[in-house]
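# Structural description and commentary
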Amino acid sequence: LEPPLPRPAHVSVTALVMSAPARTTGNARLMLKAATEAQHHSLDHGFGALDLKNRNDYKSFLTAQAAVLRPLENWLTQQGIARVLPDWPARRRSEAVASDLAGLNTEMLADDAVSISDRASAPLLLGVAYVLEGSRLGAQYLSREVAASPDRAVRDNMRFLTHGAGQKLWPSFLEILERNVIDPAAADEAAAGARATFDLFLRSQQRHAPALAGAGA
């Protein structure tokens, strides 16, 4: 995995956070990337103006993430994703983002409503996890930007962005994805899960980030 070039000012936050590079050219990964391309673009537009070195923008970013992440991870747990991803507990990041917000003296807002599907197959669950796992990988690169913030409170609260650093969570996820999404029906279910997850993040950005950006530190 080659590290990306430094992020120029015009490149959006979510272009890195939600479009993680991969170690494989597996069909399932490429299919999911293509299926969610338009949503990537929309989320980029919403989050792209954020300067993560700025405390207000950073809190805005974390708040919009947290509002979806906690209920979504709870839903995945209830649906039995650990049967597909045995190390699922180690992949959860809700506590990390909550700790960051607490360190920034920001209360967690009420969880957004999460509704993916009443029939959660393994491919659908993996489609949801594809978005979350890609987010984690991209967040590791964004942590370099946050680490350069002149604001110590920002630098001291990077648990969410650095979660899983040094572990091989992305390639191990891709191996499981490719083993479980092997036919058109499974691909359709995985794509539905991924698109539904992007929709949740889009709604959270629209609901939380605009209201918080520019608020007092």
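First things first, this report covers the structure right here in the doc. The model shown is predicted, which means the values in this text are computed figures rather than measured ones.

From N to C terminus, the chain includes 11 helices and zero strands. A separation of at least 24 residues holds for 84% of the contacts in the chain among residues at least 6 apart in sequence. For the chain, the computed accessible surface area is about 10000 Å², with 51% contributed by carbon and sulfur atoms.

So, on to unusual backbone geometry. The backbone phi angle of N105 is positive, close to 60°, even though this residue is not glycine. Along the chain, the position of N105 falls in the loop between α6 (94–103) and α7 (122–147). You can call N105 exposed: its relative accessible area is 71%.

Turning our eyes to something else, we now look at the nonpolar core. Membership of the largest hydrophobic core comes to 57 residues, with the highest contact counts inside it found for Y58 and F173. Contributing elements (two or more residues each) for this core: α2 (27–35), α3 (37–47), α4 (55–78), α6, α7, α9 (159–162), α10 (169–180) and α11 (184–212). Broken down by element, this core gets its largest block of residues, 12 residues, from α7. The residues contacting Y58, other than those within four sequence positions of it, are D51, L52, D100, L104, V146, V154, N157, M158 and L161.

Within the span of α3, buried status applies to Q39, H40, L43, D44 and F47. Down the axis of α3, the buried side of the element spans an arc of 140°, and every buried residue falls inside it. Facing away from the buried side of α3 by over 90 degrees, the exposed positions are A38, H41 and H45.

Take the environment of F201 next. As for its placement among the helices and strands, F201 is situated in helix α11. On the basis of relative accessibility, which here comes to 3%, the residue F201 falls in the buried class. Remark: the alpha-carbon pair of F201 and V68, spanning 133 residues in sequence, is separated by 6.5 Å.

Interaxial distance between α4 and α7 falls to 12 Å at its minimum, and their mutual angle equals 150°. Taken together, the axes of α4 and α7 lie roughly antiparallel to each other. Viewed along their axes, α4 and α7 form a crossing whose handedness is left-handed. Counted together, Y58, Q65, L69, L72, W75 and L76 of α4 and L124, L125, V128, L132, S135 and V146 of α7 form the full contact between these two elements. Here the residues of the contact of α4 with α7 sort into 10 nonpolar, two polar and no charged.

What follows covers the pattern of salt bridges. This model, assessed by the stated rule, comprises nine salt bridges. D51 is the salt-bridge partner of K53, the closest N and O atoms lying 3.4 Å from each other. Residue R91 pairs with E133 through a salt bridge whose shortest N-O separation is 2.7 Å. With a gap of 42 residues between them, R91 in helix α5 (residues 88–91) and E133 in helix α7 connect regions that are remote in the sequence. Accessibility classification places R91 together with E133 in one group, the buried group.

What follows is about the side chain of R136. Inspection of the secondary structure puts R136 in helix α7. Look past the residues within four positions of R136 in its chain and what remains in contact with it is R91, R93, H163, G164 and L169.

Along its 24 residues, α4 runs 34 Å from first to last C-alpha, staying within 8% of the 34 Å computed at 1.5 Å per residue. The principal kink in α4, of about 30°, is found at A66. Burial analysis of α4 places 19 of its 24 residues in the buried class, which makes it a mostly covered element. Measuring from the side-chain oxygen of the N-cap residue of α4 to the backbone nitrogen of N56 gives 2.9 Å; that N-cap residue is N54. Just beyond α4, the residue with positive phi is G80, at close to 85°.

Calculation rules
- Every chain's residues receive numbers from 1 upward, in the order its sequence appears when written.
- In keeping with the model being predicted, local features are shown solely for residues with a pLDDT of at least 70 and side-chain atom pairs are shown and tallied solely at 80 or more, while totals for entire chains, interfaces and linings include all residues.
- To obtain the side-chain values, all non-hydrogen atoms of the structure were included, while hydrogens and water were left out.
- Put simply, DSSP H or I for four residues or longer makes a helix, DSSP E for two residues or longer makes a strand, and each gets a number counted from the N terminus.
- We call two residues in contact when some of their heavy atoms are within 4.5 Å.
- Per-residue accessibility takes into account occlusion by the displayed protein chains alone, with areas from the Shrake-Rupley method and a 1.4 Å probe.
- Partly exposed residues are those whose accessible area sits between 20% and 50% of the maximum for their type, while under 20% is buried and over 50% is exposed, using a 1.4 Å probe and protein chains only.
- Only buried residues count toward a nonpolar core, which is a set of Ala, Val, Leu, Ile, Met, Phe, Trp, Tyr and Cys residues joined through side-chain atoms within 4.5 Å.
- Here the arc refers to the directions that run from the helix axis out to each C-beta atom.
- Only the stretch in contact is used when a helix axis is fitted, and all axes are lines through C-alpha atoms; the angle between N-to-C directions ranges over 0 to 180 degrees.
- Note on terminology: angles under 35 degrees are roughly parallel, angles over 145 are roughly antiparallel, angles of 65 to 115 are roughly perpendicular, and the others are oblique.
- Left-handed describes a crossing whose near helix is turned anticlockwise from the far helix by less than a right angle; the clockwise case is right-handed.
- Note that Gly is not counted as nonpolar here; it falls among the polar residues with everything else outside the nonpolar set of Ala, Val, Leu, Ile, Met, Phe, Trp, Tyr, Cys and Pro and the charged set of Asp, Glu, Lys and Arg.
- By definition here, a salt bridge exists when the distance from a side-chain nitrogen of Lys or Arg to a carboxyl oxygen of Asp or Glu is within 4 Å.
- Given the number of residues in a helix, its expected span is that number minus one, multiplied by 1.5 Å.
- For a residue, the bend is simply the angle between two axes, fitted respectively to the seven-residue segment ending there and the seven-residue segment starting there.
- Within 3.5 Å is the distance limit for a polar contact, defined as a pair of N or O atoms, with the added protein rule that one can donate a hydrogen and the other accept it, and that residues adjacent in sequence qualify only through two side-chain atoms.

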